[in-house]
Amino acid sequence: MAEKTFVIGADLGGTHAAAVVVDREGNIYYQYELPVDLSHCADEVFEKSIFPVIEKVIKNSPGRVSSIGMGLPGRIDSRTGICHFSPNLQWHNVPVGPKLEEKFNIPCHVMNDVTVATLGEQMFGLGKDVDNFILMAIGTGIGGGIVNEGRLVLGAIESAGEIGHMTIVPDGYLCNCGNRGCLEALCSGPNIARRYREALERGEGELAPGLDGIEEVTAGTIQRAAAAGDPLAIKIWEETGRYLGIGIANLITVLNPDRILIGGRVANALDLFLPALLNEVRFRARMVPPDFTEIKHAGLAENAGVMGGAALALSWIEKH
Ligand SMILES: [Zn+2]
């Protein structure tokens, strides 16, 4: 009988480094995570968080580990394994892949975290049974991954899928990327909170009960306020659905996906913004039949990062 294949899927975020060991079917045998302190330099983040997490998971693997896949935020060249720029991690030109290979002596592969999560959905999640889908991850930023005719779309310099930086409002809010009116500048978690605060300042409503001050407002608290019936919070989620719907209608018009998956922490409020989003999509995406594209919550939820890393590691094995 052939030896069973095990791989490590890892995920590096702004707060935690996490890893799992899985088999080819995606069954998790062990998982572990450690906090990440970003006040440390990249080398220390490796020594104190990334290496110990992966080491522990390798030790607890039921068999030999064939490959490691890791996702991290930023612009990464997957061929060289170099993270050219990560605003979240404050990293410039860090050779992530080579560092991992040197430490563990196992083939290691790194890619942008949302791209990796898209591979995870394709292999283990709601992208399994369709050839054309888009993952939209909405959290502190908005990232995206596109699978077209069964293949991940990376673009010329692996910059494809940056759907958070599509312009939605021509002279809108300044975005972290330097453009104005990006989808991210309107609908990332912190920017949803900002629109709510600004509406309060314009006198459009009262601060929701349970919140002591305007600075306490987050997408999570607006979600709870809307669920409790707060009219301004409900209006902000409807507006969020409308902006996301404009972006999604554009994606549908250009790429004709079977499915759009919405993940990230803000997707927990999907019920609050989906009706407005669907209205907008029906109104604007006229070149495909109405409701042709399924729009739903992503499949892998909190495990999206590590399962994506595992999918990256497995897809490498399949190619070799
Ligand atoms: Zn932008």
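Quick caveat: nothing in here was measured; it's all calculated off a predicted structure. (Residues numbered from 1 in each chain as written. Predicted model: local features only at pLDDT ≥ 70, side-chain atom pairs only at ≥ 80, totals over all residues. Heavy atoms only, no water.)

### Some details on the pattern of salt bridges
Once the charged atoms of two side chains with opposite charge are near each other, the side chains can pair.
1) Next: The final tally for this structure, using the stated rule, is 16 salt bridges.
2) Next: The salt bridge involving K103 is made with E55; its shortest N-O contact spans 3.9 Å. Pair noted here: K103 is in helix α2 (residues 96–104) and E55 is in helix α1 (residues 42–59), with a separation of 48 residues, a long-range link.
3) Next: On the accessibility criterion, K103 (38% relative accessible area) is partly exposed.
4) Next: When the shortest N-O distance is used, the salt bridge between R194 and E198 registers 3.5 Å. Residue R194 and its partner E198 are both found in helix α5 (residues 189–201); the two are separated by four residues, about one turn of the helix.
5) Next: Through salt bridges with shared partners, one network takes in D129, R259, E294 and K296. (Salt bridge = Lys/Arg side-chain N within 4 Å of Asp/Glu carboxyl O. Helix = DSSP H or I, 4+ residues; strand = E, 2+ residues; numbered from the N terminus. Buried < 20%, exposed > 50% of the residue type's maximum accessible area, 1.4 Å probe, protein only.)

### Quick word on the coordination of the zinc ion
1) Next: Protein-derived coordination of the zinc ion comes from H165 (ND1), C175 (SG), C177 (SG) and C182 (SG), at a distance range of 2.0 to 2.3 Å.
2) Next: For the zinc ion, the four donor atoms in the first shell make angles of 105 to 121 degrees at the metal, a pattern classed as tetrahedral.
3) Next: Donor residues for the zinc ion, ordered by position in the chain, follow H-x9-C-x1-C-x4-C.
4) Next: The exposure class assigned to C175 is buried, which follows from its relative accessible area of 6%. (Donors = N, O, S within 2.8 Å, 3.2 Å for Na, K, Ca; no water. Tetrahedral: all angles 85-135°; square planar, octahedral: opposite > 155°, others 65-115°.)

### What about the environment of P98?
1) Next: The topology assignment puts P98 in helix α2.
2) Next: Residue classification places P98 among the partly exposed residues on the basis of a relative accessible area of 37%.
3) Next: Each C-alpha atom, one on P98 and one on E204, is 53 Å from the other, the two residues being 106 residues apart in sequence.
4) Next: Once residues lying within four places of it in the same chain are set aside, the contact partners of P98 are T80 and G81. (Contact = heavy atoms within 4.5 Å.)

### Focus: the sheet that holds strand β4 (residues 65–72)
1) Next: Strand order across the open sheet formed by five strands is β3-β2-β1-β4-β8, with mixed pairing between neighbours. Edge positions in the open sheet fall to β3 (28–35) and β8 (108–112), since each of these has one partner strand only. When the angles between neighbouring strand axes are averaged without regard to direction, this sheet yields 15 degrees.
2) Next: Of the pairings in the sheet, the one linking strand β1 (residues 6–12) to strand β2 (residues 16–23) comprises seven bridges and is antiparallel in character. (Pairing = 2+ DSSP bridges. Axes fitted to C-alpha atoms, helices over the stretch in contact; angles between N-to-C directions.)

### Quick look at the sheet that holds strand β11 (residues 151–152)
Each strand in a sheet pairs with another by means of backbone hydrogen bonds, the pair being arranged parallel or else antiparallel.
1) Next: Read from one edge of the open sheet, five strands run β11-β10-β9-β12-β13, paired in mixed fashion. On the outer flanks of this sheet lie β11 and β13 (294–297), each paired with one strand and no other.
2) Next: The pairing of strand β9 (residues 133–138) with strand β12 (residues 259–263) spans five bridges and is classified as parallel. In the sheet register, F133 faces β12, and the bridge partner there is R259.
3) Next: In the packing of helix α8 (residues 270–284) onto the sheet, contacts are made with β12 and β13, and the angle to β13 comes to roughly 165 degrees.

### Quick notes on the layout of surface pockets
1) Next: Here the second largest pocket defines a volume of roughly 440 Å³.
2) Next: Forming the boundary of the second largest pocket are 17 residues, of which M111, L119, L312, S315 and K319 lie nearest the centre.
3) Next: No other element matches the five residues that helix α9 (residues 304–319) contributes to the lining of the second largest pocket.
4) Next: There are two domains that each give the lining of the second largest pocket at least three residues, and those are domain 1 (6–121 + 303–319) and domain 2 (130–298). (1 Å grid on protein atoms, 1.4 Å probe; cavity = no way out; pocket = protein on both sides within 12 Å on 5 of 7 lines; lining within 4 Å. Points joined across faces, edges and corners; volume = space filled by probe spheres on them. Domains from an automatic or database assignment.)

### Describing the packing of aromatic side chains
When we look at a pair of aromatic rings, we describe it by the centre distance and by the angle of the planes.
1) Next: Inspection of the entire model under this criterion finds five aromatic pairs.
2) Next: Aromatic side chains F46 and F51 sit 5.4 Å apart centroid to centroid with 55 degrees between the ring planes, which places their arrangement in the tilted category.
3) Next: Given a relative accessible area of 8%, F51 falls into the buried group.
4) Next: Measuring from centroid to centroid gives 5.9 Å for W237 and F273, while their planes differ by 20 degrees, and the two rings are stacked. Placement of W237 in helix α7 (residues 231–255) and of F273 in helix α8 is noted, with a sequence separation of 36 residues between them.
5) Next: Through pairs of rings, three or more aromatic residues link up here, namely F46, F51, W91 and F104. (Phe/Tyr/Trp six-rings, centres within 6.5 Å; stacked < 30°, edge-to-face > 60°.)

### Here we look at the environment of E204
1) Next: Looking at where E204 falls in the secondary structure, it is placed in the loop between α5 and α6 (219–227).
2) Next: With 28 residues separating them along the chain, E204 and L232 place their C-alpha atoms 7.1 Å apart.
3) Next: For E204, the contacting residues outside a window of four places in its chain are A199, L232 and K235.
4) Next: Within the structure, E204 has its side chain in polar contact with the side chain of K235 (distance 2.7 Å). (Polar contact = N/O pair within 3.5 Å; in protein donor to acceptor, adjacent residues only side chain to side chain.)

### Re the domain arrangement of the chain
1) Next: If you check the domain split of the chain, you get domain 1 (6–121 + 303–319) and domain 2 (130–298).
2) Next: Inter-centroid distance (C-alpha atoms) of domain 1 to domain 2 is 27 Å.
3) Next: Taken together, the contacts link eleven residues of domain 1 with 13 residues of domain 2.
4) Next: Buried surface at the junction of domain 1 and domain 2, both sides included, amounts to about 980 Å², of which 66% is carbon and sulfur.
5) Next: Three residues stand out in domain 1 for area buried against domain 2, namely V114, T118 and E121, and they jointly supply 51% of the buried area on that side.
6) Next: At the junction of domain 1 with domain 2, the criterion picks out one residue pair in polar contact (both at pLDDT 80 or more).
7) Next: Put simply, the parts of the chain that give the side of domain 1 that touches domain 2 at least two residues each are β5 (75–77) and α3 (113–124). (Buried area = accessible area lost by both parts, 1.4 Å probe.)

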